[in-house]
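Each chain, written out:
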Amino acid sequence: MIVTDNATVNAAEDLIRKHKNDRPEKPRRPQELSARYEQAIRQYQELMKADVDNREQRVMLYAEIKVLGWCLGRDEAKVVREINTPRK
């Protein structure tokens, strides 16, 4: 549905502005990034061992791992190596 009513569009924009002002985003701490990074790698490795086809989920996790690695300042080659190194 396309909204062309100016009053509705203005009301929606006001709602978005209020929502953004009430919920300022906080950057994640390095400890949180590192913990999520490790958790995502473990999840990815479990998915790789699964018998079901879960390509979409694996691709999303792989992308998240690479972004988190980038945020942590890790080299791309090191991130790929860590993804492929078995975890305990």
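One numbering rule holds for all chains: residues counted from 1, following each sequence as written. In keeping with the model being predicted, local features are shown solely for residues with a pLDDT of at least 70 and side-chain atom pairs are shown and tallied solely at 80 or more, while totals for entire chains, interfaces and linings include all residues. Just so you know, side-chain values use all the structure's heavy atoms and leave hydrogens and water out.

Caption draft 1: The arrangement of the packing of helix 2 (residues 30-49) against helix 3 (residues 55-71) in detail. To define axes, lines are fitted to C-alpha atoms, for helices over the stretch in contact only, and angles between the resulting N-to-C directions are given on a 0 to 180 degree scale. Helix and strand definitions follow DSSP, with helices as H or I runs of at least four residues and strands as E runs of at least two, each counted in order from the N terminus. At their nearest, the axes of helix 2 and helix 3 sit 9 Å apart, and the two run at 150° to each other. In terms of orientation, helix 2 lies roughly antiparallel with respect to helix 3. The interaxial crossing formed by helix 2 with helix 3 has left-handed handedness. Contacts between helix 2 and helix 3 involve Leu-33, Arg-36, Tyr-37, Ala-40, Ile-41, Gln-43, Tyr-44, Leu-47 and Met-48 from the first element and Gln-57, Arg-58, Leu-61, Tyr-62, Glu-64, Ile-65, Leu-68, Gly-69 and Cys-71 from the second. Considered class by class, the residues forming the contact of helix 2 with helix 3 number 12 nonpolar, 3 polar and 3 charged. Throughout this description, any angle smaller than 35 degrees is read as roughly parallel, any larger than 145 degrees as roughly antiparallel, any in the 65 to 115 degree range as roughly perpendicular, and the remainder as oblique. Crossing handedness is read from the near helix: turned anticlockwise from the far helix by less than a right angle, it gives a left-handed crossing, and turned clockwise, a right-handed one. In what follows, a contact means two residues having at least one pair of non-hydrogen atoms within 4.5 Å. Any residue outside Ala, Val, Leu, Ile, Met, Phe, Trp, Tyr, Cys, Pro, Asp, Glu, Lys and Arg is labelled polar, Gly included; the first ten of those are nonpolar and the last four are charged.

Caption draft 2: Molecular detail of helix 3. The first and last C-alpha atoms of helix 3 sit 24 Å apart over 17 residues, in line with the 24 Å expected at 1.5 Å per residue. Partly exposed describes any residue whose relative accessible area lies between the buried limit of under 20% and the exposed limit of over 50%, with all areas from a 1.4 Å probe on protein chains only and scaled to the type maximum. Taken residue by residue, helix 3 has Leu-61, Ile-65, Leu-68 and Gly-69 as its buried positions. On an axial view of helix 3, the arc spanned by its buried residues comes to 100°, and they lie on one face. Residues of helix 3 that are exposed and point more than 90 degrees away from the buried face comprise Arg-55, Glu-56, Met-60 and Trp-70. For helix 3, the elements touching its buried residues are helix 2 and helix 4 (76-84). At the exit of helix 3 stands Gly-73, carrying a positive phi of roughly 85°. Each residue after the first adds 1.5 Å to the expected span of a helix. Taking the helix axis as origin, the arc is that swept by the directions to the C-beta atoms.

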